[in-house]
Structures are given as structure tokens and as C-alpha cells.
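Examining the three-dimensional arrangement
What follows is the residue order along each chain.
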Amino acid sequence: MATPIALAAVGGLYAEKSGVFNIGLEGFMIVGAFTAAGTMFALGGTSPTQAHIWIAIVVSVLVTAVLTVLFAVLLIRFKADQIVAGLAVWFVGLGFAPFTAALVWGSRSSPGLASVDAVAFGQSPLVFLAALLVAAGWVVLYRTRYGYWVQAAGENPEALDTAGVDVNRVRYATVIFSGAMAGLGGAVLLAHAGNFVGTGQTMVDGRGWIAIVAYLFGNYNPVGAAGAALLFGALDMLNVQFQTVGIDVPARLVNLLPYAAVLLVLTAWGKTRVPSMVGEPYETEE
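Here the structure is a predicted model, which is why all the values come from computation and not from measurement.

**Digging into the packing of aromatic side chains**
What the rule picks out here adds up to eleven aromatic pairs. Relative to Trp209, the ring of Trp90 lies with its centre 5.0 Å away and its plane at 85°, an arrangement referred to as edge-to-face. Of this pair, Trp90 sits in helix α4 (residues 82-105) while Trp209 sits in helix α9 (residues 207-217), and the two are 119 residues apart along the sequence. Here the aromatic rings of Tyr215 and Tyr220 are separated by 5.6 Å at their centres, their planes lie at 45°, and the arrangement is tilted.

In C-alpha cells:
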């Protein structure tokens, strides 16, 4: 349950570290989940193989990366309002995925497809892949020259520009990365669930928004963001755990716990320092 949130959070924090607020993570996750389901169905019908699942995940990442290129151009080249553009991505995802699902399957949800097999400790390889990406995200951000460029793009782009680094190129890369990671998060959610659900807020169900809170809670640190995602994922699983031990708690009440935790975090956590140039377009002085 934590894996999709952690993946989207790592991507989102990279974009915001560079000065671009990608509030469209939820929309990109929806697109990623639907693309994975559609690809699995196209390749294997209602009985896709494990190979089809992995191909579907790769396709989802590529599709969302391409869509994020258009999103990045809108934000960076044409200086669109980042909040409005991100909300537009969310609305497009909410409308496009269920509509297309209805065209393909005659319903806003897909039939049962397949889920990825567990490999160790009852977990899928996607969980271990997420842990690897979180670790790599920390190393790149805090131990490489490129990571310092990302941080400078969000804190002092003029200094980065003076050093001869193209600020907007760095921002393009991080925004595209954020969309691809959100798409991967949506595909992972689909690969674990085994079918696409397009009713309500879709199967993504606010995880993109929680991912934003996760990296804020983690103070823009990939490891901290993954820890926050683990907390929210654990709260999301309480309903299953209560049923397992025979505790009778209304499911709707338990399902509200992750969102209540988000409100508490936003209210009580005051240590996060937002990069100073978030939301500010940059034009080179040359």
C-alpha cells in the first residue's frame, strides 16, 4: 500500500526541489494505472502473463513521461499557473480514464486481469524496486553534482545560471521524472490490485495528494518521504487488519484514517522549508 505513494512522492519532491510544483501527481497516477490495465488487456486479454504485467508497467512509465513533457512545456516554456495546470491534469485523468475504460470494457472498471507474483517475504518485486529507487533518489539528490543542480534550481537559479547550467533544462528533467514516477506508482497500484477501478475517485483514490504530503512530511528527503508513505500505507491497511483480528469497526471510518493523518501532519508538522523559488518561472539573463 505504501509503494505507489512512495514512488510518486520521490518524483514530486524532485520537481519541487527544482522550483516546479507538480500538483498533477494524482492525475498522472490515474493515467499510469489505466495505461497498465489497457496494455495488459491488449497483450493478454483477461489472462495476461507476468511478462505482460512488466511490459505494461514499462509502457505506463513511457506514456506518462510523454504526457509530462507536454505538461512541463506548459509550465516552463509558457509559464502557466502551476496550480491550475496541475488541477487540470487531475481532472483530465479523472474523466479520461473511466471514459476510455467504458469504451474498452463497457464499464468504468476493467475485468479481473492479473497481479504481479510475490518473490520474497510475501512481497512483490515492485516493493523492492521502490526501495531501490528511494535509495537511488537520495544518493542522486544529496551526493551528486546533478543533485546539487536540482537544489540550486529551486533555491538560487541565478547562481546556477551564472555557473553555466541551464536552469530550465534541469527543471524539465525533474518534472518529466516526477510524471514518470507517478505513472510508475499508478502502474504498481494496478499490478498489485489486478484490475482497474474507475468508479468514484478511481482506484488511485487520493494517493497522489497523499504523496505530496509525504514528501513535505519527509522534508524533501526521499527516505523521509518513503517513511511517511509507509505510515500512510499502514493506516490504509488497518481496515483489513481489524477484520483479521475480529474487531468490528465501520469500514468507512477506518478508510478515513489516512486522510485524518494527512490533516494532522499538515497542521502539526512545521519543520518543512519549501524551496524559495517554487512556482517562480525563470528566464536566463543572457
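What follows picks up the thread again.
**Considering the pattern of salt bridges**
This structure, assessed with the given rule, holds two salt bridges. With a shortest N-O distance of 3.2 Å, Lys79 and Glu283 are connected by a salt bridge. Separated by 204 residues along the polypeptide, Lys79 in the loop between α3 (50-77) and α4 and Glu283 in the segment after α13 (257-268) bring together distant segments of the chain. According to the relative accessible area criterion, Lys79 is partly exposed, its value standing at 35%. Residues Glu155 and Arg273 are paired through a salt bridge, measuring 2.8 Å at the closest nitrogen-oxygen approach. A residue pair is termed long-range when its members are at least 10 positions apart, and Glu155 in helix α6 (residues 145-155) and Arg273 in the segment after α13 qualify at 118 residues.

**Considering the nonpolar core**
In terms of nonpolar packing, the biggest core is built from 80 residues, with Leu190, Phe196, Tyr215 and Phe232 touching the most fellow members. For this core, the element with the highest residue contribution is helix α8 (residues 167-193), accounting for eleven residues. If we skip the residues at most four places from it in the chain, Phe196 touches Ile30, Ala33, Phe34, Ala37, Ala97, Ala101, Arg108, Ser109, Ser110, Leu190 and Met203.

**Let's talk about a nonpolar patch on the surface**
Residues Trp54, Leu129 and Leu132 make up a contiguous nonpolar surface patch of about 270 Å² in total accessible area. Of note, Leu132 is situated in helix α5 (residues 125-143).

**Describing the packing of α3 against α8**
Two elements in contact, α3 and α8, have axes whose closest approach is 7 Å; the angle formed by their N-to-C orientations is 145°. The element α3 and its partner α8 pack so that their crossing is right-handed. By residue class, the composition of the contact of α3 with α8 is 16 nonpolar, six polar and two charged.

**Some details on the side chain of Gln82**
In this structure, Gln82 sits in helix α4. Overall, the relative accessible area of 10% leaves Gln82 in the buried class. Polar side-chain contacts of Gln82 include one of 2.8 Å to the backbone nitrogen of Phe21.

What counts, and where the lines are drawn
Every chain is numbered independently, its residues counted from 1 as its sequence is written. For a predicted model such as this one, the threshold for reporting local features is a pLDDT of at least 70, and the threshold for listing and counting side-chain atom pairs is 80 or more; totals across whole chains, interfaces and linings nevertheless cover every residue. The side-chain quantities take in all heavy atoms of the structure and omit both hydrogens and water. Ring pairs shown here join Phe, Tyr and Trp side chains whose ring centres sit within 6.5 Å, with only the six-membered ring taken for Trp; geometry is labelled stacked below 30 degrees between planes, edge-to-face above 60, and tilted in between. Only DSSP runs of H or I with at least four residues qualify as helices, and only runs of E with at least two residues qualify as strands; both kinds are numbered from the N terminus onward. Every case where a carboxyl oxygen of Asp or Glu lies within 4 Å of a side-chain nitrogen of Lys or Arg is listed as a salt bridge. Whether a residue is buried, partly exposed or exposed follows from its accessible area with a 1.4 Å probe, protein chains only, as a fraction of its type maximum: under 20%, in between, or over 50%, in that order. Grouping buried Ala, Val, Leu, Ile, Met, Phe, Trp, Tyr and Cys residues that are joined through side-chain atoms within 4.5 Å yields what is termed a nonpolar core. In this analysis, two residues are considered to be in contact whenever any of their non-hydrogen atoms come within 4.5 Å of each other. Two distance rules govern patches: like charges are joined within 9 Å, and nonpolar side chains (Val, Leu, Ile, Met, Phe, Trp, Tyr) within 5 Å, applied only to residues with over 30% relative accessible area and no salt bridge. Residue exposure ignores everything except the shown protein chains as possible cover, and the areas themselves are Shrake-Rupley values with a 1.4 Å probe. Lines fitted to C-alpha atoms define the axes here, with helix axes fitted over just the stretch in contact, and angles between the N-to-C directions of these axes take values from 0 to 180 degrees. By definition, any crossing whose near helix is turned counterclockwise from its far helix by less than a right angle is left-handed, and any crossing with a clockwise turn is right-handed. Amino acids are sorted into nonpolar (Ala, Val, Leu, Ile, Met, Phe, Trp, Tyr, Cys and Pro), charged (Asp, Glu, Lys and Arg) and polar (every other residue, Gly among them). Whenever two N or O atoms come within 3.5 Å, that pair is a polar contact, provided that in protein one can donate a hydrogen and the other can accept it, and provided that, for residues adjacent in sequence, both atoms are side-chain atoms.

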